[in-house]
Amino acid sequence: MGKKFCPICKEVVYTRALPNYSQIEFRGIMVKRREILHREEDEGCGRTWYTVELPEDIIIGEGK
């Protein structure tokens, strides 16, 4: 469990990454697409949304 910005509540909240994920192509590279849950048990809205995880070397390479 970690903190992320909830696009529904419009604030930084405790969330949980669900175990299912997929690999998708994003700008010519493969990235991990994860489903994120704002848990009702943590006084959240219970909604889910998706994030994409970019490889660190791609992010660092952008600044060069």
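First, a word on scope: everything that follows refers to the structure included in this document. (Residues numbered from 1 in each chain as written. Predicted model: local features only at pLDDT ≥ 70, side-chain atom pairs only at ≥ 80, totals over all residues. Heavy atoms only, no water.)

Further remarks concern the sheet that holds strand 3 (residues 29-37). Across the sheet, four strands lie side by side as 1-2-3-4; this open sheet has antiparallel pairing. Single-partner strands in this sheet number two, and they are strand 1 (2-6) and strand 4 (48-53). Pairs of neighbouring strands in the sheet enclose a mean axial angle of 50 degrees, with direction left out of account. Direction of pairing for strand 2 (residues 11-26) relative to strand 3: antiparallel, over a ladder of eight bridges. Following the sheet pairing, A17 is matched in strand 3 by I36. (Pairing = 2+ DSSP bridges. Helix = DSSP H or I, 4+ residues; strand = E, 2+ residues; numbered from the N terminus. Axes fitted to C-alpha atoms, helices over the stretch in contact; angles between N-to-C directions.)

We now examine the pairing of strand 2. Pairing of strand 1 with strand 2 involves five bridges; the strand directions are antiparallel. Within strand 2, the residue paired with G2 across the bridge is T15. From the end of strand 1 to the start of strand 2, which pair antiparallel, there are four residues, and K10 there has a positive phi angle of about 60 degrees. Between strand 2 and strand 3, which pair antiparallel in sequence order, lie two residues; one of them, R27, sits at a positive phi of approximately 55 degrees.

To continue, consider the pattern of salt bridges. A complete count under the given rule lists three salt bridges for this structure. Residue R39 is joined to E41 by a salt bridge in which the shortest nitrogen-to-oxygen separation is 3.7 Å. A salt bridge links D42 to R39, with the shortest nitrogen-to-oxygen separation between them at 3.1 Å. When its relative accessible area of 23% is taken as the criterion, R39 is described as partly exposed. (Salt bridge = Lys/Arg side-chain N within 4 Å of Asp/Glu carboxyl O. Buried < 20%, exposed > 50% of the residue type's maximum accessible area, 1.4 Å probe, protein only.)

Of note in the backbone geometry, K10 takes a positive phi value of approximately 60 degrees without being a glycine. Residue placement: K10 occurs in the loop between strand 1 and strand 2. A relative accessible area of 60% means that K10 is categorised as exposed. The phi angle at R27 is positive, at roughly 55 degrees, despite the residue not being glycine. Note that R27 resides in the loop between strand 2 and strand 3. Relative accessible area serves as the criterion here: at 77%, R27 is assigned to the exposed category.

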